[in-house]
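Close look at the chain arrangement
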Amino acid sequence: MANDPIKQFEITRIVPLENVAGLDLSFTNSSLFMVASVAAASAFLYFGSANRGLVPSRLQSMAELSYEFVASMLRDAAGTQGMRFFPFVFSLFMFVLFANMFGMFPYFFTVTSHIIVTFALAMLVIGTVVVYGFMKHGLKFLGLFVPEGVPGYLVPLVVLIEIISFLSRPISLSVRLFANMLAGHITLKVFAGFVVSLGALGAAGVAGAILPLIMVVAITALEFLVAFLQAYVFAVLTCMYLNDALHPSH
Amino acid sequence: MKKPTRTPATDEQAGRVISNPNADLEQRRQALEDALAQRAPKRDAAEEGRQEGAGSGFGAALKMSSEFVAGILVGAGLGYLLDLLAGTTPWGLIVFLFLGFAAGVLNVLRAAGRVAQPADGARGERLRGNGAGD
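Criteria and cut-off values
- Residues numbered from 1 in each chain as written.
- Chains lettered and ligands numbered in written order.
- Predicted model: local features only at pLDDT ≥ 70, side-chain atom pairs only at ≥ 80, totals over all residues.
- Heavy atoms only, no water.
- Helix = DSSP H or I, 4+ residues; strand = E, 2+ residues; numbered from the N terminus.
- Buried < 20%, exposed > 50% of the residue type's maximum accessible area, 1.4 Å probe, protein only.
- Contact = heavy atoms within 4.5 Å.
- Areas by Shrake-Rupley, 256 points an atom, 1.4 Å probe, with all protein chains shown as cover.
- Lys, Arg positive; Asp, Glu negative; His and termini not counted.
- Charge placed at Lys NZ, Arg CZ, Asp CG, Glu CD.
- Expected span 1.5 Å × (residues − 1).
- Axes fitted to C-alpha atoms, helices over the stretch in contact; angles between N-to-C directions.
- Left-handed = near helix turned anticlockwise from the far one by under 90°.
- Nonpolar A, V, L, I, M, F, W, Y, C, P; charged D, E, K, R; others polar.
- pLDDT = per-residue confidence, 0-100.
- Polar contact = N/O pair within 3.5 Å; in protein donor to acceptor, adjacent residues only side chain to side chain.
- Core = buried A, V, L, I, M, F, W, Y, C linked by side-chain atoms within 4.5 Å.
- Parallel < 35°, antiparallel > 145°, perpendicular 65-115°, else oblique.

The subject of this paragraph is the overall build of chain A. Helices and strands together make up the secondary structure of chain A, namely 7 helices and 2 strands. Starting at the N terminus and walking to the C terminus, you meet the elements of chain A as β-β-α-α-α-α-α-α-α. With respect to the principal axes defined by its C-alpha atoms, chain A has extents near 75 × 55 × 45 Å. Across the 250 residues that make up chain A, the buried fraction comes to 42%. Sequence-distant contacts, at least 24 apart, represent 67% of the contacts inside chain A between residues at least 6 apart. Surface summary for chain A: the accessible area is close to 12,800 Å², and the carbon and sulfur share equals 74%. Positive and negative side-chain charges in chain A, numbering 11 and 11 respectively, have mean positions lying 6 Å apart.

This is the structure we're talking about:
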């Protein structure tokens, strides 16, 4: 099928390294766009901060704006103590934002539309929370699972539910980002496909194709919003979970 | 609508004691609503507005459903693993699937802001101070 809406998510090997110690370490289009996201984010911040003008240039004020944005988000959610995680949260935010935005270019690959990528990012967050929580608070970190004021006979049940709820965090964190990107890109592709197939039907079809064309334009704008919003949501939730690691007590 | 047999203990769970056991239903519902409003996490209006304005209904739906599904998946996964290790097929799966449902509902309520986060640090302390906890 010419306009298969799933084809855009296909992984292709660019540099095939299919059997390195039993692992497929090929450099794929996904890897390429991950490298591109990292390179673009680094270049943006490097050139943004290269001049260090007292009166910032446009690029510098954009870089400062993104710094302030993430810093205030982290301070609000986890307090000033949370600022030790700033490099981590800022890198995550910039990576997800650039990966999402790269996905908005036609013919570009969307890294975050694959659940394994978003799940790896989410596991990084939860792994940090767990490791740092146990390092800082020891066994008191487990107090996170015991809400206070619960009657004694309900504690085992509530603790089990809280543990499952905690373990479900990386899944919901990754599924949310992945599903938003996947659904948005499929919707775009399907509506764009309508335009083409209706346009092939002759004069009446061309007239009818105007409606999906308007939809495609509107959805493209919405997708830019979603691309930013999902990076924001991912970073906010990261801050909230890190807050649990810093202050697990009730 | 009077229930003289009602024990004060259930009213205490609602966060405040109603001394008159003959208090009518309307009054008790009001008390419960107040208690729930106190229990709910307080968010500043600015943040609320930003999230309302920016997040479309579609985004909210994805958020809620991912929270719910994640709870169930983790519950089922844990139950399955437990069964594999302990050889209690299928009871672990059954029990943990239901616990997963409960965790999913808890996740959704938290995402909707109806139940306070497990630990909101200093803020959580303040919210929790006036109630019996969740």
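Residues and elements named next belong to chain A. With 23 residues, helix α4 (residues 115–137) should cover 33 Å at 1.5 Å per step; its first-to-last C-alpha distance of 32 Å lies within 8% of that length. All of the buried residues along α4 are Val117, Thr118, Leu121, Ala122, Val125, Ile126, Val129, Tyr132 and Gly133. As for α4, its buried residues are in contact with α1 (29–50), α3 (86–103), α5 (155–199) and α7 (210–246). Backbone geometry just downstream of α4 places Gly138 in the positive-phi region, at approximately 65°.

All names here are of chain A. Where α1 contacts α3, the two axes come as close as 9 Å, and the packing angle between them is 115°. In the crossing of α1 with α3, the sense of the turn from one axis to the other is right-handed. Counting all contacts with α1, which are made through Met34, Ala36, Ser37, Val38, Ala40, Ala41, Phe44 and Leu45, the residues of α3 involved are Phe90, Met94, Phe95, Phe98, Ala99 and Phe102. The residue makeup of the contact of α1 with α3, split by class, is 13 nonpolar, 1 polar and no charged.

Turning to the confidence of the model for chain A, a few remarks are in order. In the predicted model, chain A carries a mean pLDDT of 89, and the fraction of residues at 70 or more is 98%. α3(A) holds the highest mean pLDDT among the elements of chain A, 95, whereas helix α6 (residues 203–208) of chain A holds the lowest, 86.

On to the side chain of Ser66(A). Examined against the element boundaries, Ser66(A) turns out to sit in helix α2 (residues 58–78). For Ser66(A), the residues in contact, after removing those within four places along its chain, are Phe44(A), Leu45(A), Phe90(A) and Met94(A).

The next point concerns the side chain of Asp244(A). Relative to the assigned elements, Asp244(A) resides in helix α7. For Asp244(A), the side chain forms a polar contact with the side chain of Arg169(A), separated by 2.9 Å.

Another point: the nonpolar core. Ranked by size, the top nonpolar core spans 47 residues in total, and within it Val89(A), Phe93(A), Met94(A), Val129(A), Phe234(A) and Tyr241(A) carry the most contacts. Mapped onto this core, the elements with two or more residues apiece are α1, α2, α3, α4, α5 and α7 of chain A. In this structure, Val129(A) is in contact with Phe141(A), Phe166(A), Tyr241(A), Leu242(A) and Ala245(A), ignoring residues within four places of it in sequence. Counting residues in each nonpolar core, the second largest holds 7 residues, with Ile161(A), Val74(B), Phe96(B) and Leu106(B) among its members.

Residues and elements named next belong to chain B. Where helix α4 (residues 57–86) contacts helix α5 (residues 91–111), the axes come no closer than 7 Å and their chain directions differ by 155°. Of the possible angle classes, the one that applies to α4 and α5 is roughly antiparallel. As for the relative orientation of α4 and α5, their crossing is right-handed in sense. In terms of residue class, the contact of α4 with α5 is built from 15 nonpolar, 7 polar and 3 charged.

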